[in-house]
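# Analysis of the macromolecular model
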Amino acid sequence: MSNKNYYWVKKGEKTTRIGLTKEAQEALVDVKYVELPDLDSEIKKGESSGEIEAQKAVVELESPVSGKIVKVNDKLNDNPELLNSSEKNAWFFEVNN
C-alpha cells in the first residue's frame with residue numbers, strides 16, 4: 001500500500017501525526033489487526049513501520065515521513081476497527097518534527 005493517497009499527514013507544533021485516509025479504508029474494508037512501530041524507534045520515509053491486516057489484504061504500513069516515534073495509537077491494539085471510523089480517529093503514530 002505505497003499509494004501516498006492512503007495516508008494523511010498532519011503536522012502539528014511539535015509532532016507530525018500519520019493516519020489512514022477514507023480511500024484506504026474503502027480499499028481495505030474491515031481492518032482486523034494492526035502492528036505499530038515501537039515507541040522511541042527511528043523510522044525512515046518509505047520504509048515499513050508496521051502492518052495492517054484487513055478483510056481484503058495484508059499490507060505493510062509504509063511511513064510517509066521520517067522521524068522518531070514519540071506516540072502510538074495504543075487503542076488500535078484492542079480496537080483495530082478504529083481505522084474504519086472517521087479519519088480523525090484512524091491514526092497510527094506521531095513522529096517528532
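Residues numbered from 1 in each chain as written. Predicted model: local features only at pLDDT ≥ 70, side-chain atom pairs only at ≥ 80, totals over all residues. Heavy atoms only, no water.

Under an unreviewed UniProt entry, the chain has the name Glycine cleavage system protein H and belongs to Companilactobacillus halodurans.

Read from one edge to the other, the open sheet built from three strands follows the order β3-β5-β6, with strand pairing classed as antiparallel. Pairing within the sheet leaves two strands with one partner each, and these edge strands are β3 (31-35) and β6 (58-62). Mean inter-strand twist for the sheet, computed between neighbouring axes without regard to direction, equals 25 degrees. With four bridges joining them, strand β5 (residues 48-54) and β6 adopt antiparallel strand pairing. Bridge pairing in β6 places Glu 53 opposite Val 58. (Pairing = 2+ DSSP bridges. Helix = DSSP H or I, 4+ residues; strand = E, 2+ residues; numbered from the N terminus. Axes fitted to C-alpha atoms, helices over the stretch in contact; angles between N-to-C directions.)

The next subject is the side chain of Ser 49. Mapped onto the fold, Ser 49 is located in strand β5. Judged by relative accessible area, Ser 49 falls into the buried class, the value being 6%. Once you skip the residues sitting within four places of it in the chain, Ser 49 turns out to touch Glu 35, Leu 36, Pro 37, Ile 43, Leu 61, Ser 63 and Phe 93. (Buried < 20%, exposed > 50% of the residue type's maximum accessible area, 1.4 Å probe, protein only. Contact = heavy atoms within 4.5 Å.)

With that settled, the discussion passes to the UniProt feature "domain: Lipoyl-binding" (unreviewed entry) in the chain. Under the feature "domain: Lipoyl-binding" (unreviewed entry), the UniProt entry names residues 15-96. Taken end to end, residues 15-96 comprises 13% helix and 45% strand; its first and last C-alpha atoms sit 5 Å apart. (UniProt positions renumbered as here; feature names shortened; annotations may be inferred.)

So, about the nonpolar core. Core analysis: the largest hydrophobic core is formed by 23 residues, its most contacted members being Tyr 7, Leu 20, Val 34, Ile 52, Leu 83, Phe 92 and Phe 93. Contributions of two or more residues to this core are made by β2 (15-20), α1 (22-28), β3, β5, β6, β7 (67-72) and β8 (91-96). Per-element accounting of this core gives the leading share, three residues, to β8. (Core = buried A, V, L, I, M, F, W, Y, C linked by side-chain atoms within 4.5 Å.)

The next subject is the environment of Asn 84. One can find Asn 84 in the loop between α2 (75-78) and β8. Note on Asn 84: relative accessible area 26%, which makes it partly exposed. Spatially, the C-alpha atoms of Asn 84 and Ala 57 are 14 Å apart, while their sequence positions differ by 27 residues. In this structure, Asn 84 is in contact with Gln 25, Val 29, Asp 30 and Val 31, ignoring residues within four places of it in sequence. A polar atom in the side chain of Asn 84 sits 3.3 Å from the backbone nitrogen of Val 31. (Polar contact = N/O pair within 3.5 Å; in protein donor to acceptor, adjacent residues only side chain to side chain.)

Residue placement: Gln 25 occurs in helix α1. The buried category is assigned to Gln 25, whose relative accessible area is 7%. Polar side-chain contacts of Gln 25 include one of 3.0 Å to the backbone oxygen of Ser 85. Apart from residues lying up to four places away in sequence, Gln 25 is in contact with Leu 20, Leu 83, Asn 84, Ser 85, Ser 86, Glu 87 and Ala 90.

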